[in-house]
Amino acid sequence: SHWRPLIGKHALVTAGPTHEPIDPVRYLGNRSSGLQGYAIAGALADLGAQVILISGPTSLLAPSNVSLIRVETAQQMEAAVIASLPADIAVCAAAVADWRVADPVSSKVKKQAGSPPPSFVLEPNPDILARISRPGPTRPALVVGFAAETDDVEANAIAKRQRKGCDWIVANDVSTGTNVMGGTENTVMLITEDGVEHWPLMAKTTLALNLGRRIALRFGAPALA
Ligand code: C5P
């Protein structure tokens, strides 16, 4: 693209799942592919932004024009995000594990005949989106979060925007059958301070481009003729 309205802007994007270790060979994880976050990072870079992509474990190649930081756990992701501030734009597309195993062990948990299966104590992970949305000198001017909902998508996303303190929420319906997680297409609502927009089904790459354009307009870029 020749339209580079985000030149001079710094953006950070989180993407992918996190893996929370149980022992050296096992982890708690989720089905996030990272596709949507990687596409957003690429779109923002194409629009001229300097982009840091903070990614959990994925099998994707990062766009060549972004700086990639790979992490495994939510705590590592949070540390990388904080170390990447200040930024003008933050897009939290990662599917961060809500909980981690409180005491991951350093040797493989053994299966023992006759013994009951192990149980694990979980503790909550930091909420990176809420943390980055907190008012303060390093809060990005625009913080965008995602919401994967299965019921009452709009009402839940509006409530989530308030609760997290972010500026926008991109909300999608991940109920069984929609094939969003792991798929290549997405139908979303964009929740902003001005209301709710229903976007049609589109490729995740197209969604990334549209979101990038919306972000550019928010930073005062004249609309592309
Ligand atoms: O309600 P939920 O926590 O699932 O909201 C999802 C949004 O919050 C996403 O933008 C996700 O990246 C972000 N999030 C986060 N850190 C967490 C949990 C969610 O940044 N620990």
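Residues numbered from 1 in each chain as written. Predicted model: local features only at pLDDT ≥ 70, side-chain atom pairs only at ≥ 80, totals over all residues. Heavy atoms only, no water.

## Observations concerning the packing of aromatic side chains
Now for step 1: Inspection of every chain in the model, using the stated rule, returns zero aromatic pairs.
Now for step 2: Across the ring face of W168, the terminal group of R214 is positioned such that the distance to the ring centre comes to 5.4 Å. (Phe/Tyr/Trp six-rings, centres within 6.5 Å; stacked < 30°, edge-to-face > 60°. Lys NZ or Arg CZ within 6 Å of the ring centre and 35° of its normal.)

## A short note on the confidence of the model for the chain
Now for step 1: A residue-level look at the chain finds 96% of positions with pLDDT of 70 or above and a mean pLDDT of 94.
Now for step 2: Confidence estimates for the predicted assembly give a pTM of 0.95 and an ipTM of 0.98. (pLDDT = per-residue confidence, 0-100.)

## Considering the site of the ligand
Now for step 1: Around the ligand lies a shell formed by C92, A94, V96, P126, D127, I128, L129, G145, F146, K160 and K164.
Now for step 2: One of the backbone N or O atoms of I128 is found 3.0 Å from a nitrogen atom in the ligand.
Now for step 3: Within the backbone of F146, a nitrogen or oxygen atom sits 2.7 Å from an oxygen atom of the ligand.
Now for step 4: Each residue belonging to the shell around the ligand can be placed in one class, and the counts come to seven nonpolar, one polar and three charged. (Near = heavy atom within 4 Å. Polar contact = N/O pair within 3.5 Å; in protein donor to acceptor, adjacent residues only side chain to side chain. Nonpolar A, V, L, I, M, F, W, Y, C, P; charged D, E, K, R; others polar.)

## Things to note about the pairing of strand β12 (residues 188–192)
Now for step 1: Burial runs high along β12: five of the five residues are buried.
Now for step 2: Going residue by residue along β12, you find V188, L190 and T192 tucked away on one face and M189 and I191 tucked away on the opposite face as well.
Now for step 3: Strand direction decides the pairing type here: strand β10 (residues 168–173) and β12, joined by four bridges, are antiparallel. Residue pairing for β12: N172 is matched across the bridge by V188.
Now for step 4: Here β12 pairs with strand β13 (residues 195–198) via four bridges, running antiparallel. Bridge pairing in β13 places T192 opposite G195.
Now for step 5: The hairpin formed by β12 and β13 contains two residues between the paired strands. (Buried < 20%, exposed > 50% of the residue type's maximum accessible area, 1.4 Å probe, protein only. Helix = DSSP H or I, 4+ residues; strand = E, 2+ residues; numbered from the N terminus. Pairing = 2+ DSSP bridges.)

## Description of the side chain of K160
Now for step 1: Assignment of secondary structure puts K160 in helix α4 (residues 153–164).
Now for step 2: Residue K160 is classed as buried on the basis of its relative accessible area, which comes to 14%.
Now for step 3: The contact partners of K160, leaving out residues within four places of it in the chain, are F146, A147, E149 and I169. (Contact = heavy atoms within 4.5 Å.)

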